[in-house]
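Chain by chain, the residues run as shown.
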Amino acid sequence: RQPALVAAIHTTLNRSVKEELQDRLLYRWLLASCSSIIFVCETQRQHWVDKYPALGSLSVTIYNGIDPERFRRTADIEQRAASLRAQLGISQDSVVLTAVAGFRTEKRHDLLVRAFERLQPTTHLLLAGDGPTRAATEEQASRLGLGSRVHFLGAVADIRPVLAASTATVLASTAVETFSMAVLESMSMGVPVIVPDLSGLPEAVERDKSGFVYATGDLNELTHALAKMADMSVSERVEKGLAARQRLLDNFTEAQMVAQTEALLQRLSRNN
């Protein structure tokens, strides 16, 4: 018997002509032979269906999800977060903005550093991750006189204390992002987020409620969003963080993702 075949797609925009040609010449035909195709957000699903209409009847959206019990604040994580701030020489009441992203061109750390330069000198920026553009970003931060305020953490095995030490997290990406797990982890930790209007990110973040959404690649809008978050009262930021976690619990948990995937597989199994 021919088994049911399901594909799960995690990309939206391709990074190269080669990847685009692979989609057009190979993967579109493979996908068309599937029983169903899982997309991780509605914007991504619509993008693929617009490109390849034959996939429409096969497509379904099942959002990425994470375990909110793992990504929650505990006394231990709060203590490790306080220790991290102390190690970096950051006072407990300072505004800390954090980006969790590999250092690649499309992540636009250069844009983020330029926006951060415009903020009050009491703010700090944590950059968690590693990659080919890290050295250039370090040089940029040094050249702008931000060496004591931009902290390069490298690859972090457990990101939870970093998130707990953060006032807000931010993405400056201009490509590739589909439905960021880093954003979901931040939301689950009760940390508000600032994201570009890119792919499915606005589906995760309620504008002005659980965070801010700005025009992709727009330096002025990014700066404004960072400054607005930094200037908020502690109670306002806590309120946004609570809204972010509640949105995560309502829509983007691992249990919900598993249950919806299981239901799809069971339905296909019965129909096969």
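Everything below is about the structure printed above this text.
In short, a report on the structure.

1. Here's the deal with the pattern of salt bridges
Alright, step 1. Under the definition given, this model contains 14 salt bridges.
Alright, step 2. A salt bridge links E106 to R104; its shortest N-O distance comes to 2.8 Å.
Alright, step 3. Its relative accessible area of 11% is what places E106 among the buried residues.
Alright, step 4. As a salt-bridge pair, D197 and R207 come within 3.6 Å of each other at their nearest N and O atoms.

2. Structural notes on the environment of A175
Alright, step 1. Structurally, A175 is set in the loop between β7 (168-170) and α7 (181-188).
Alright, step 2. Taking relative accessible area as the criterion, A175 reaches 23% and is therefore assigned partly exposed.
Alright, step 3. Residue contacts for A175: discarding those within four places in its chain leaves E106 and L198.

3. A closer look at the sheet that holds strand β4 (residues 96-100)
Alright, step 1. Strand order across the open sheet formed by 6 strands is β6-β5-β4-β7-β8-β9, with parallel pairing between neighbours. Edge positions in the sheet fall to β6 (150-154) and β9 (211-214), since each of these pairs with one other strand and no more. The average angle at which neighbouring strand axes cross in this sheet is 20 degrees, direction not considered.
Alright, step 2. As defined by bridge partners, strand β8 (residues 193-196) adjoins β9 across 4 bridges and the pair is classed as parallel. Looking at the pairing, I194 lines up with F212 of β9.

Definitions and cut-offs
- Residues numbered from 1 in each chain as written.
- Predicted model: local features only at pLDDT ≥ 70, side-chain atom pairs only at ≥ 80, totals over all residues.
- Heavy atoms only, no water.
- Salt bridge = Lys/Arg side-chain N within 4 Å of Asp/Glu carboxyl O.
- Buried < 20%, exposed > 50% of the residue type's maximum accessible area, 1.4 Å probe, protein only.
- Helix = DSSP H or I, 4+ residues; strand = E, 2+ residues; numbered from the N terminus.
- Contact = heavy atoms within 4.5 Å.
- Pairing = 2+ DSSP bridges.
- Axes fitted to C-alpha atoms, helices over the stretch in contact; angles between N-to-C directions.

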